[in-house]
Amino acid sequence: MSTFEKIKTVYVSSAINSTPNCLDWGVNGLVIYGSCNAIHLYDPQITNECDGQIISSFVAHTKRVNSVKWVQNIDNCCQQDFVSCSTDNTAILWEDILLTGSYKAYERLIGHSDVVTINDAIRLANQTLIIVTAAGDCTVKVWIKHKNENTSQCVQTIDFDSILCLSLKITLLPNTNCLLLACGLSNSKIQLYMNDFSNGDSVFVPSHYLIGHEDWVRSLDFISEGNLGNLLLASGSQDSVIRLWRFTMEESYNTCKSNKELDDTLKLESKTFNVTKQDGSDCSYVIQSETVISGHDGWIYGVHWKPNFCTEKKMELLSVSMDKTLAVWAYDENSGLWVDLIRLGEVGGNTLGFYGGKFSPDGNSILAQGHNGSFHLWTKNNNGSWTPGVTIGGHFGSVEDITWDPEGKYIVSVSSDQTSRIHAQWLKSKPVENVHSCNWHEMARPQVHGYNMSSVAMLSSLSFVSSAEEKVIRAFQAPYNFLENMSQLSKINFDSVDITKCPLGASVPSLGLSNKAVSEDDCKNNTNQPKKKDYPEHYFIPLSLNQPPTEEDLIQNTLWPEIQKLYGHVYEVYCLASSSNHKWLASAAKATSLELASIIIWNTDNFQLVQKLESHNLTVTQLAFSPDSKNLLSVSRDRTWSLFEYDVNTNLFIIKSKSDKHTGIHTRIIWCCAWTHDSIYFATGSRDGKLVIWGQNDQSVDSKITYCAKTNPLIVSEKSFTAVAFAPTLISECKKTYFLAVGADCGSISLYKWSLEEKSVTPWLKIADLINEFGHHLTVKRIKFQPLLCKTDSRYREGVLQMASCGADMMVRIYDIFLKDFL
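What counts as what
- Residues numbered from 1 in each chain as written.
- Predicted model: local features only at pLDDT ≥ 70, side-chain atom pairs only at ≥ 80, totals over all residues.
- Heavy atoms only, no water.
- Helix = DSSP H or I, 4+ residues; strand = E, 2+ residues; numbered from the N terminus.
- Buried < 20%, exposed > 50% of the residue type's maximum accessible area, 1.4 Å probe, protein only.
- Contact = heavy atoms within 4.5 Å.
- Areas by Shrake-Rupley, 256 points an atom, 1.4 Å probe, with all protein chains shown as cover.
- Core = buried A, V, L, I, M, F, W, Y, C linked by side-chain atoms within 4.5 Å.
- Phe/Tyr/Trp six-rings, centres within 6.5 Å; stacked < 30°, edge-to-face > 60°.
- Lys NZ or Arg CZ within 6 Å of the ring centre and 35° of its normal.
- Polar contact = N/O pair within 3.5 Å; in protein donor to acceptor, adjacent residues only side chain to side chain.
- pLDDT = per-residue confidence, 0-100.
- Pairing = 2+ DSSP bridges.
- Axes fitted to C-alpha atoms, helices over the stretch in contact; angles between N-to-C directions.
- Patch = residues over 30% accessible without salt bridge, like charges linked within 9 Å, V, L, I, M, F, W, Y side chains within 5 Å.
- Salt bridge = Lys/Arg side-chain N within 4 Å of Asp/Glu carboxyl O.
- Lys, Arg positive; Asp, Glu negative; His and termini not counted.
- Charge placed at Lys NZ, Arg CZ, Asp CG, Glu CD.
- UniProt positions renumbered as here; feature names shortened; annotations may be inferred.

Asks: Looking at this model, I keep getting lost on the overall build of the chain. Mind explaining?
Replies: Scanning the chain for helices and strands turns up five helices and 61 strands. Expressed as a percentage of the 823 residues in the chain, the buried residues total 58%. In the chain, 54% of the contacts between residues at least 6 apart in sequence involve partners at least 24 apart. Put simply, the chain shows about 34,200 Å² of open surface, and 48% of that area lies on carbon and sulfur atoms.

Asks: Which parts of the structure should I look at to understand the nonpolar core?
Replies: The nonpolar side chains of soluble globular proteins are, as a tendency, buried together. Counting 28 residues, the largest nonpolar core has Tyr410, Ile422, Phe482, Leu483, Met486, Phe494 and Trp560 as the members making the most contacts within it. Looking at this core, the elements with two or more residues in it are strand S33 (410–415), strand S34 (419–429), strand S35 (436–448), strand S36 (453–460), strand S37 (463–468) and helix H3 (480–489). Among the elements that make up this core, the one with the highest residue count is H3 (four residues). Core analysis: the second largest hydrophobic core is formed by 27 residues, Val12, Leu30, Val68 and Ile92 among them.

Asks: Explanation requested: the packing of aromatic side chains in the structure shown.
Replies: For any pair of aromatic rings, geometry is given as the distance between the ring centres together with the angle between the planes. Taken as a whole and judged by the stated rule, the model has 37 aromatic pairs. Arranged with centres 6.1 Å apart and planes meeting at 75°, the rings of Phe739 and Phe785 form a pair that is edge-to-face. Of this pair, Phe739 sits in strand S56 (residues 738–744) while Phe785 sits in strand S59 (residues 780–785), placing them 46 residues apart in sequence. Each member of the pair, Phe739 together with Phe785, is buried. Consider the rings of Trp754 and Trp764, whose centres lie 6.3 Å apart with planes at 45°: the pair is tilted. A residue pair is termed long-range when its members are at least 10 positions apart, and Trp754 in strand S57 (residues 749–754) and Trp764 in strand S58 (residues 764–770) qualify at 10 residues. According to the relative accessible area criterion, Trp764 is buried, its value standing at 9%. Each member of the aromatic cluster is reached from another via a ring pair, and the members are Tyr681, Phe726, Tyr738, Tyr752, Trp754 and Trp764. Positioned over the ring face of Tyr209 is Lys189, at 5.0 Å from the centre of the ring.

Asks: What's the story with the side chain of Ser67 in this structure? I'm lost.
Replies: Tracing the chain through its elements places Ser67 in strand S6 (residues 65–70). Note on Ser67: relative accessible area 1%, which makes it buried. A polar contact is formed between the side chain of Ser67 and the side chain of Asn119, at a distance of 3.2 Å. Those residues within four positions of Ser67 in sequence are excluded, and the remaining contacts are Asn21, Cys22, Val83, Ser84, Cys85, Thr117, Ile118 and Asn119.

Asks: Is there a simple way to think about the confidence of the model for the chain in this case?
Replies: Close reading of the predicted structure is inappropriate where its pLDDT is low. On average, the chain scores 86 in pLDDT, and the residues at 70 or more come to 86%. Contacts from residues 431–436, a stretch scored under 50 in pLDDT, to residues over four places away or in other chains number eight contacts. Between residues 532–536, whose pLDDT stays under 50, and residues either more than four places distant or in other chains, the model counts one contact.

Asks: I would appreciate a short explanation of the environment of Thr171 in the present structure.
Replies: Mapping Thr171 onto the fold places it in strand S15 (residues 165–172). Sequence spacing of Thr171 and Asp120 is 51 residues, and the spatial spacing of their C-alpha atoms is 9.7 Å. Apart from the residues within four sequence positions on either side, Thr171 is in contact with Ile122, Cys178, Leu179, Leu180, Phe222 and Leu231.

Asks: When you look at the sheet that holds strand S16 (residues 178–185) in this model, what are you seeing that I'm missing?
Replies: In any sheet, the strands associate via hydrogen bonds between backbone groups, in a parallel or an antiparallel arrangement. As summarised here, the arrangement of the four strands in space is S15-S16-S17-S18, forming an open sheet in which the pairing is antiparallel. Either end of the sheet is taken by a strand with one partner, and the two such strands are S15 and strand S18 (205–211). Taking each pair of neighbouring strands and ignoring which way they run, the sheet shows an average axis angle of 20°. The sheet contact formed by S15 and S16 spans seven bridges and is antiparallel. Bridge pairing in S16 places Lys169 opposite Ala182.

Asks: Explanation requested: a positive patch on the surface in the structure shown.
Replies: A surface patch of like charges, here positive, comprises Lys590, Arg637, Arg639, Arg668 and Arg687. With respect to the secondary-structure elements, Arg639 resides in the loop between strand S47 (631–636) and strand S48 (641–647).

Asks: I keep staring at the pairing of strand S38 (residues 472–477) and nothing clicks. Help me out?
Replies: Taken residue by residue, a regular strand's side chains alternate between the two faces of the sheet. Summarising burial for S38: five of the six residues are buried, a large majority. In this sheet, S38 lies alongside S37 in antiparallel orientation, the contact comprising five bridges. Within S38, the residue paired with Val465 across the bridge is Ala475. The turn joining S37 and S38, which pair antiparallel and follow one another in sequence, is formed by three residues. As judged from the five bridges shared by S38 and strand S41 (residues 562–567), these two strands associate in the antiparallel manner.

Asks: I keep staring at the UniProt feature "repeat: WD" (unreviewed entry) in the chain and nothing clicks. Help me out?
Replies: Taking the UniProt record as the reference, the feature "repeat: WD" (unreviewed entry) is found at residues 210–255, 392–422, 613–654 and 663–694. Between the C-alpha atoms that bound residues 392–422 the distance is 13 Å, and the span itself is 0% helix and 52% strand. A helix fraction of 0% and a strand fraction of 50% characterise residues 663–694, whose end C-alpha atoms lie 11 Å from each other.

Asks: Explanation requested: H3 in the structure shown.
Replies: Every α-helix carries 3.6 residues per turn, so stepping three or four residues along brings you back to the same face. Of all the residues in H3, the buried ones are Asn481, Phe482, Leu483, Asn485, Met486 and Leu489. Just downstream of H3 lies Lys491, where phi reads positive at about 55°.

Asks: Hey, could you run me through the pattern of salt bridges in this one?
Replies: Pairing is possible between side chains that carry opposite charge, provided their charged atoms lie close to one another. Counted according to the given criterion, the structure contains 21 salt bridges. For Glu442, the salt bridge is made with Arg445, and the minimal N-O distance between the two is 2.8 Å. Like Glu442, the residue Arg445 is buried in the burial classification. A salt bridge links Arg445 to Glu551; the shortest N-O distance between them is 2.9 Å. Taken together, the residues span a long stretch of sequence, with Arg445 in strand S35 and Glu551 in helix H5 (residues 551–557) at a distance of 106 residues. Judged by relative accessible area, Glu551 falls into the buried class, the value being 12%.

Asks: What should I look at first to understand the environment of Thr100 in this one?
Replies: Mapped onto the elements, Thr100 comes out in the loop between strand S9 (90–95) and strand S10 (104–110). Spatially, the C-alpha atom of Thr100 lies 9.8 Å from that of Gln80, the residues being 20 residues apart in sequence.

Asks: What am I meant to see in the sheet that holds strand S3 (residues 31–35) here?
Replies: One open sheet accounts for four strands, arranged S2-S3-S4-S5; its pairing is antiparallel. Of all the strands in the sheet, just strand S2 (23–25) and strand S5 (53–59) have a single pairing partner and so form its edges. Each adjacent strand pair in this sheet contributes to an overall mean axis angle of 20°, direction not counted. Where strand S4 (residues 38–43) lies against S5, six bridges are found, and the strand directions are antiparallel. For Ala38, the partnering residue across the bridge sits in S5 and is Val59.

Here it is as structure tokens:
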């Protein structure tokens with residue numbers, strides 16, 4: 001059995017990059033999108049009982065992915081390849097050689113001297129692959145890979161001097177062997193290029209400029225009009241206007257022109273070019289401005305034609321705009337105008353509109369990307385209306401910290417995107433088997449803040465505290481509406497508390513950062529008040545959910561009320577930790593001196609400051625209470641760790657042990673620490689690539705050094721350890737074997753078994769490395785094992801541990817680890 005059959009990824013949460021063209025929906029029904037430096041393969045599963053999820057991740061770029069595109073196949077077969085481009089100045093061709101859905105970086109296209117911003121690709125009937133890329137160096141490059149060749153060749157570089165190419169689209173002219181390339185430019189023009197591959201020519205020749213837009217041309221898309229040989233080009237621009245350009249064979253054009261009984265007072269300029277048809281005869285195409293669609297109030301970032309092979313033959317055009325709306329346009333024969341059939345979106349809150357959108361292969365669904373990395377899915381009903389659907393989501397900034405609910409039922413994550421988010425399972429009962437099918441989803445966004453978040457700690461199943469780049473620690477309480485929906489969606493039982501006493505929900509007042517509690521009476525009063533047109537209040541609306549909330553509801557209707565602010569630190573709070581008995585909260589802030597680096601202990605019953613612990617000279621990077629709540633461990637930038645013990649007589653924490661330059665072993669910043677589940681040992685991980693497990697030193701003469709290293713340090717060259725966690729149980733009782741996970745700055749997560757009972761062999765045994773698509777590709781920020789569930793819980797599976805991790809790559813991951821397979 002392979003390692004990855006023993007370890008299964010059950011959840012990946014990650015937003016899409018805030019760049020246009022970073023999303024594509026292929027005829028194979030799968031969606032690809034760029035997220036940080038990775039590319040995720042997302043299966044929406046719209047027609048199935050199961051909801052969609054990310055099924056694979058691919059990592060090869062070293063910087064942000066800017067654009068992804070499935071390769072167009074002339075015969076409209078299911079795409080097997082895609083192309084991505086990145087800020088690392090390269091594009092990559094990905095191929096599924098074994099046809100198993102496992103894509104590999106087949107070839108890296110190197111040639112641009114600046115950020116590659118957009119790409120497109122087409123595969124001809126003779127299997128010749130043409131890839132076109134545009135970059136910030138004001139050039140467009142054409143790459144060709146022939147059927148029997150292993151590599152692509154750059155056959156042409158089009159230099160636009162100081163003009164940027166912002167959009168690209170390549171297509172095959174109907175009934176010809178001629179390729180047509182359209183480039184949307186920053187001079188408001190569309191440059192057309194022609195190439196007749198039947199003559200063996202691989203160079204695109206400039207044809208015509210299309211002039212009409214008054215600002216940057218951001219998006220382009222072609223569609224062929226039936227079997228007439230005609231072609232329509234849609235272009236969207238920052239001038240908030242969509243223009244349609246018609247390419248018509250000259251004989252068809254003359255026929256249509258003679259049949260029109262219209263006033264020719266307004267004559268539209270037309271342009272002509274000659275091509276060779278597939279039968280070898282010559283023909284001419286006429287280019288004419290078809291119409292101008294003006295219906296958006298903001299920049300248009302995307303236009304997309306409904307796929308040609310849909311059952312409905314009526315042409316429809318999707319447009320997405322920064323005015324927070326999407327529109328589907330169709331030609332109305334009665335009025336002779338293009339009218340909007342439906343408008344979607346109107347996202348509430350302080351979002352900034354849409355960056356792109358795509359039709360599904362059957363044209364009955366639309367997936368759009370928001371400016372802040374969110375996904376929005378709508379599906380068409382039988383009556384023609386569109387309803388929001390369940391889709392994926394995630395943070396659009398580095399995920400700084402995660403924590404499990406004390407009972408292991410959900411996860412809270414915080415990020416530099418200034419939000420905290422709750423992830424939980426959506427449990428659905430299948431009517432036939434009467435069993436639960438489940439996927440993890442984002443269920444709430446309890447805090448939408450004005451500062452980058454830094455840490456989070458649970459106080460109970462109904463409350464947590466968070467810190468951000470501010471001096472204040474904020475405490476939140478779960479509202480009644482959230483608990484009600486979690487009971488419905490995740491089958492979580494909150495019988496231990498009277499949830500009716502909780503506030504109904506929360507809202508954020510204008511220009512405020514604090515979530516205010518909302519009661520049922522407040523909701524009624526708000527409904528009766530007149531709405532402000534200029535500056536509307538985005539007020540809480542109670543939800544009764546039968547599926548995970550949409551992005552619109554997450555940002556407005558799933559907030560938690562803030563119940564307390566904790567003041568005590570002089571500088572920004574950096575890390576938090578809470579005790580297992582829910583009695584203590586420890587916090588530390590950024591610091592450069594002994595006094596500023598002090599750790600504050602808070603009483604969670606009344607949120608009063610209990611004491612300040614002084615030990616470190618620089619910022620404390622992580623805090624950890626022992627599972628028995630008797631000890632507090634801290635690690636710092638000053639390369640030392642400190643251990644504080646709770647004194648029951650004074651009801652205070654006192655220093656018990658502290659490392660120094662002679663006993664500390666670490667020579668660089670200590671980033672992380674963790675306790676074993678039995679509170680006997682703790683581990684520290686450092687930038688120097690050393691992971692050390694410490695335990696009680698019974699032979700110590702010095703009373704200040706009561707803990708010492710129990711084994712030789714684990715040293716991994718060129719790796720900086722940034723996260724560590726122990727499993728909440730022994731994996732071998734007889735040999736007293738611990739199970740731990742270690743995260744590094746390169747994004748890898750290593751799983752180890754550790755035991756002092758193994759005298760004949762090394763106490764360390766590496767059992768798995770989660771790297772690349774199986775792990776993170778940037779710094780692992782935190783690893784947390786799920787607390788052991790009660791065996792009466794329907795989700796409990798003996799011998800299976802769940803591990804959550806987060807990283808600077810915007811990802812939250814959850815793994816199932818089958819321990820019995822490692823014994």
